[in-house]
Each structure stands twice: as structure tokens, then as C-alpha cells.
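# Examination of the molecular architecture
If you want the building blocks of each chain, they are given just below.
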Amino acid sequence: MNRPLGPLHQHLDERPVRMDHSPLKAALADVVAIPVTPFAEDGSIDTATHRALMRRLLDGGIRTVTPNGNTGEFYALTPDERRLVTELTVDEAAGRASVLVGVGHDVPTAVAAAEHAAEAGAAMVMVHQPVHPYVAQEGWVDYHRSIAEAVPHLGVVPYIRSPRLAGERLAELADACPNVVGVKYAVPDAARFGAFARDAGLERFVWIAGLAELYAPSYFATGATGFTSGLVNVAPAVSLDMLEALRAGDYVAAMKVWERIRRFEELRAEEQSADNVTVVKEALSALGLCRRDVRAPSRVLPEARRAEVAGLTAEWSL
């Protein structure tokens, strides 16, 4: 008796979808902006402000955006809100930027979000690190394969935060799913990143430094060609200055940018990144661009720190 194959397996007569992924790879080798999700006074998503902030990024030269990333408070949004953020972003980006939608949670939820991203017109999805106390390496492959196979015409970018994952597992995933085109690597260890990238296939994927500007120079030195940014919400030109320097191999110039933004990023990273989003929204609030409100388990920045963030922002002459 023939039994239907499970969701993690292909029929014997099927072949992985082969496409030209070069446009997607070019979009990932860039500043990959992680937009904030602005909230209105009543706690709902402020759609008008969201659109205005997106236009500011696009007008500032940003060409790749990730709605529903961690700086967008992915885990604090409801499924309906995540869909709304996706649709708002795709609509504003229309032809001006590539959209890499964050998806995650359990497999059915992540698959549904990826399918919605495709329907909305996004080009790629970024798969958040599985939130589960027990993650087997084989299970990591199965999790991502389920999502990638559901959207074979979208580019897929795993978000890797675990130092336990072996590069060979990523290669195994890409063997089954050729639409896995890039990697957001966010383990704070440049040497480990360099080894992981080479074990997985340095030239096979676009490697994105997933810990933003402070780690970008060291990760570029070992193989990255793009980096994520939350700071870009505040100062797109600053992030682009660093990208230009790194592309030119001018690490002296890149480190001058690094020095300019160091304190801002250190504030975001304190207490295991407790204020990662809060500092960005405080800076936007100081510029009069959105409310400082964040959702639990994040917190509004304490009063004593607000003036420091405003001062740092003022130094960038925005």
C-alpha cells in the first residue's frame, strides 16, 4: 500500500527548483536594514508612521529591508500584526528595495508566514533561530527544510545564533533546498564564523554579519559581504559609510565609522541586549520620528539614559 510522503520529503520524481538567485544574493550583500515597528498611543501598530519610517530608509539609500526582525519586535507581535507589517513593508518598498520577511515559531506558523510573504510580493524570508529548549542539528535541518520547501520560489536565509550548529548541516540543507541562498550569522565569534562559512561553503552562500556594525569589520575580514543593522533606522548614511569602506577593503575608514557608533551599539548590547530595540526607538523619538514605546519584555529606556542617546544622535548631524 502506498503511503503519502511526509512534509520533509520530496516525491521521487521531483527535483529541487533551480532558479537564478543572483539578484537575491546581490540584495543580501548590502546593509540589511531591520526596521522598527512603531506603536500608536493605544498600543496598536502606527501604520502611517511605519510607512514614513520606511520611506526615510528608502530615501536614505537602503535597498534591503527585513520586516518582522528582532529590532521590529517580532516575538511581541501577533500573527495578524506580523502580516500587517509584511504588507506595509512590501507596499512601500515596491520596486525600490528587496524585502526579506522574518518568519518563525512552530513549523506550521512559520510556513504560513512564508507563504503569506510570497503572496504579498516579498522576495525572501529570513528564518528566525528555532525557539525551543531542545534543538538537534538534524532537527534544525528538518525545520528549515519544511519552510524552504513550502516556498521554493523565495530565497531563504537562516538566522544562526547557536555556536553548536556545524557548517556541514547548512550544506546539507542547501543540497535539498537550493533556494537557501544566504545566511545571517549572529554568533559573536569571528573565528568561529570564518570556520563555519568555509565548512558550509564560503562561495555557496551570501554571508551576512548578523550582529550589526560593531561586528561587521571582523566578519567581513573572514568572508561576510553584508551586515544587518538596527542603527540604520536612525542614521542610514552612517551604515552606508561603513558598507562603502568595507567593500573597498578600507578597514581604517570602516573603524572610524565603528568609533562613531560604538557607544550607541554598546548601549543596545548591555544586559544581554535588553535595550536593543529600546535605544533605537529612543533615538527615533529624540528625532521626532516615532514614539519610544516598546512592548514587554522590552522596556522603555530609563530617564537617565535618554539624554545620552539624544546626544549621540545629535553628534551624527542628522
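Along each chain, residues carry numbers from 1 onward, in the same order as the chain's sequence is written. Only residues with pLDDT of 70 or above have their local features reported here, since the model is predicted, and side-chain atom pairs are shown and tallied only from 80 upward, although totals for entire chains, interfaces and linings are computed over all residues. As a rule here, side-chain values come from all non-hydrogen atoms in the structure, and water together with hydrogens is ignored.

## Structural notes on the nonpolar core
Formed by 77 residues in total, the largest nonpolar core has its most connected members in Leu-170, Val-180, Trp-207, Phe-227 and Phe-264. Here a helix means four or more residues in a row that DSSP labels H or I, a strand means two or more in a row labelled E, and each is numbered from the N terminus. Here this core gets 6 residues from one element, more than from any other, and that element is helix 10 (residues 251-273). Here a residue-residue contact requires only that any non-hydrogen atoms of the pair lie within 4.5 Å. With sequence-adjacent residues up to four places away left out, Leu-170 is seen in contact with Trp-140, Pro-158, Val-180, Val-183, Phe-196, Ala-200, Phe-205 and Trp-207. Here, the term nonpolar core denotes a set of buried Ala, Val, Leu, Ile, Met, Phe, Trp, Tyr and Cys residues that are joined through side-chain atoms within 4.5 Å. For every residue, the accessible area obtained with a 1.4 Å probe (protein chains only) is divided by the maximum for its type, and the residue is called buried under 20%, exposed over 50%, and partly exposed between those limits. Core analysis: the next-biggest nonpolar cluster, separate from the first, contains 15 residues, Leu-24, Ala-27, Leu-100 and Met-126 among them.

## Remarks on helix 10
Expected span, for any helix, means 1.5 Å times one less than how many residues it has. Here helix 10 is 23 residues long, yet its end C-alpha atoms lie only 26 Å apart, well below the 33 Å a rise of 1.5 Å per residue gives. Where helix 10 bends most, the angle comes to about 50°, and this point is Ile-261. Along helix 10, the residues that are buried comprise Ala-254, Val-257, Trp-258, Ile-261, Phe-264, Glu-265, Leu-267 and Arg-268. Where helix 10 is buried, its residues touch helix 8 (216-221), helix 9 (236-247), helix 11 (276-286) and helix 12 (303-315). Two axes enter the bend calculation: one fitted to the seven residues ending at the residue in question, the other to the seven starting there, and the bend is the angle between them.

## Remarks on the UniProt feature "active site" (unreviewed entry) in the protein chain
UniProt positions are given in the numbering used here, feature names are shortened, and annotations may be inferred rather than shown by experiment. UniProt marks Tyr-159 and Lys-184 with the feature "active site" (unreviewed entry), using the numbering shown here. The largest pairwise C-alpha distance within this set of annotated residues, which runs over 26 residues, is 4.7 Å, so the set is compact in three dimensions. Topologically, Tyr-159 is positioned in strand 5 (residues 155-160). The class of Tyr-159 is buried, set by a relative accessible area of 4%. Apart from the residues lying within four places of it in its own chain, the contact partners of Tyr-159 are Asn-70, Met-126, Val-127, His-128, Gln-129, Lys-184 and Ala-186. For this analysis, a polar contact is any N or O atom pair within 3.5 Å, provided that within protein one partner can donate a hydrogen and the other can accept it, and provided that sequence-adjacent residues contribute only side-chain to side-chain pairs. A distance of 3.3 Å separates a polar atom in the side chain of Tyr-159 from a polar atom in the side chain of Asn-70. When near neighbours in sequence (up to four residues on either side) are disregarded, Lys-184 contacts Ile-34, Met-126, Val-157, Pro-158, Tyr-159, Ile-160, Ile-208, Gly-210 and Thr-228.

## Details of the UniProt feature "binding site: pyruvate" (unreviewed entry) in the protein chain
Feature annotation in UniProt assigns "binding site: pyruvate" (unreviewed entry) to the following positions: Thr-71. Take Thr-71: it is sitting in the loop between strand 2 (64-65) and helix 3 (79-93). The buried category is assigned to Thr-71, whose relative accessible area is 6%. Filtering out sequence-adjacent residues up to four positions away, Thr-71 remains in contact with Ile-34, Pro-35, Val-36, Thr-37, Gly-230, Asn-233, Arg-268, Asn-276 and Val-277.

## Let's talk about the pairing of strand 4 (residues 124-127)
Residue alternation in strand 4 divides its side chains into two sets, Met-124 and Met-126 and Val-125 and Val-127, and both sets are buried. Think of it this way: DSSP has to see at least two bridges between two strands before they count as a pair. Of the strand pairs in this sheet, strand 3 (residues 98-103) and strand 4 are connected by 4 bridges, and their pairing is parallel. In the sheet register, Val-103 faces strand 4, and the bridge partner there is Val-127. Relative to strand 5, strand 4 runs parallel, the two sharing 4 bridges. Note that in strand 5 the partner of Val-127 across the bridge is Pro-158. Handedness of a crossover: with both strands directed away from the viewer, a clockwise path from the first strand across the helix to the second marks it as right-handed. Running through helix 5 (residues 137-150), the crossover from strand 4 to the neighbouring parallel element strand 5 is right-handed.

## Points about the pattern of salt bridges
A pairing counts as a salt bridge when a side-chain nitrogen of Lys or Arg comes within 4 Å of a carboxyl oxygen of Asp or Glu. The full count for this structure, using the stated rule, is 24 salt bridges. Residue Arg-96 pairs with Asp-59 through a salt bridge whose shortest N-O separation is 2.8 Å. In this pair, Arg-96 is assigned in the loop between helix 3 and strand 3 and Asp-59 in helix 2 (residues 47-59), connecting sequence segments 37 residues apart. Its relative accessible area of 33% is what places Arg-96 among the partly exposed residues. The class for Asp-59 is exposed, based on a relative accessible area of 58%. Across the salt bridge formed by Glu-81 and Arg-295, the nearest N and O atoms sit 2.7 Å from each other. Of the two residues, Glu-81 sits in helix 3 while Arg-295 sits in the loop between helix 11 and helix 12, which places them 214 residues apart along the sequence. No difference in accessibility class separates Glu-81 from Arg-295, as the two residues are buried. Residues participating in the shared-partner salt-bridge network are Arg-262, Arg-263, Glu-266, Glu-270, Arg-305 and Glu-308.

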